[in-house]
Amino acid sequence: MYPQMFLVVGMIALGSSNEQPKISHVQSRILSKVGKQASLTCILEQGSLPVDFKWLKGNDAIRSSENIVIETSQRISGLIIKSLAISDSGNYSCIIANSFGSDLKAFQLIVEGPPQWLSKPTDIQVGPREQFTIQCSGIGHPTPIVTWKKLVDSDWRDLFESTNTLTRISPTEISGHQLIKEKDEGKYGCEISNAIAPSLWSEFVIKVSGKATIPISNESNGAFEVSF
């Protein structure tokens with residue numbers, strides 16, 4: 001059984017009549033790990049009964065499911081996530097309402113875990129002067145880092161040490177243009193890591209079709225092209 005993590009909101013107190021709900025201020029940032037169980041508890045501190053409890057993630061209402069259990073009594077509501085996933089990270093809130101008003105407690109749940117794929121690169125064939133981009137991205141906490149590599153003589157080397165025709169345009173994207181077939185064609189790879197094993201690794205091939213040509217002209221000989 002996984003250990004539980006509790007966020008306790010408020011203390012039970014008897015409220016006077018015609019009183020809107022109140023939830024006391026407590027810790028708002030919760031850190032846990034993939035596979036653990038999280039139990040978030042919302043307690044009415046004061047306010048007239050009856051009250052309604054509502055749980056939200058972002059702007060979306062949360063309802064009981066196979067992995068989520070919501071247990072509510074007269075003054076207490078508990079939200080239990082049985083087995084945390086990276087996708088459970090986010091901003092949550094508990095709303096308590098009655099006929100005289102409402103109160104809201106917002107908090108953040110951060111789930112640490114190894115990276116998961118968002119976008120995996122695939123093989124690509126391009127012309128020698130064709131502009132293109134390749135994306136490699138993942139989610140996780142801590143935020144994953146993307147490392148690009150190229151296979152050179154049976155050795156995986158840092159991509160940007162072996163080419164000047166491919167450039168990084170964002171943390172998760174590279175761009176290329178004016179590729180040289182003999183230099184740039186080959187096998188590449190990207191690694192996504194965040195210090196929590198296992199890392200992600202994907203290999204892809206860039207194939208360059210045809211030869212690059214540069215138009216050259218002069219007044220005496222007219223226009224012609226040089227291929228390389």
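Reading the values: the criteria
- Residues numbered from 1 in each chain as written.
- Predicted model: local features only at pLDDT ≥ 70, side-chain atom pairs only at ≥ 80, totals over all residues.
- Heavy atoms only, no water.
- Helix = DSSP H or I, 4+ residues; strand = E, 2+ residues; numbered from the N terminus.
- Buried < 20%, exposed > 50% of the residue type's maximum accessible area, 1.4 Å probe, protein only.
- Pairing = 2+ DSSP bridges.

Engineer: Requested: an account of unusual backbone geometry, with residues and values cited.
Structural biologist: Of note, the bond from His141 into Pro142 is cis; its omega dihedral lies within 30 degrees of zero at 5 degrees. The topology assignment puts Pro142 in the loop between strand S12 (137-141) and strand S13 (145-152). Of note, the bond from Ala197 into Pro198 is cis; its omega dihedral lies within 30 degrees of zero at 0 degrees. Notably, Ser154 is not glycine yet its phi reads approximately 65 degrees, a positive angle. On the basis of relative accessibility, which here comes to 74%, the residue Ser154 falls in the exposed class.

Engineer: Report on the pairing of strand S9 (residues 101-119), specifying residues and quantitative values.
Structural biologist: Here strand S2 (residues 29-33) pairs with S9 via five bridges, running parallel. Opposite Ile30, over in S9, you have Leu109 as the bridge partner. Bridge count for strand S8 (residues 90-98) against S9 is nine bridges, and the pairing is antiparallel. Within S9, the residue paired with Ser93 across the bridge is Ala106. Hairpin connection from S8 to S9: two residues lie between these consecutive antiparallel strands. Pairing of S9 with S12, which is carried by four bridges, proceeds in the antiparallel orientation. Each bridged residue has a counterpart across the sheet, and for Trp117 the counterpart in S12 is Gly138.

Honestly, that's just the spatial picture; any functional story needs more than this.
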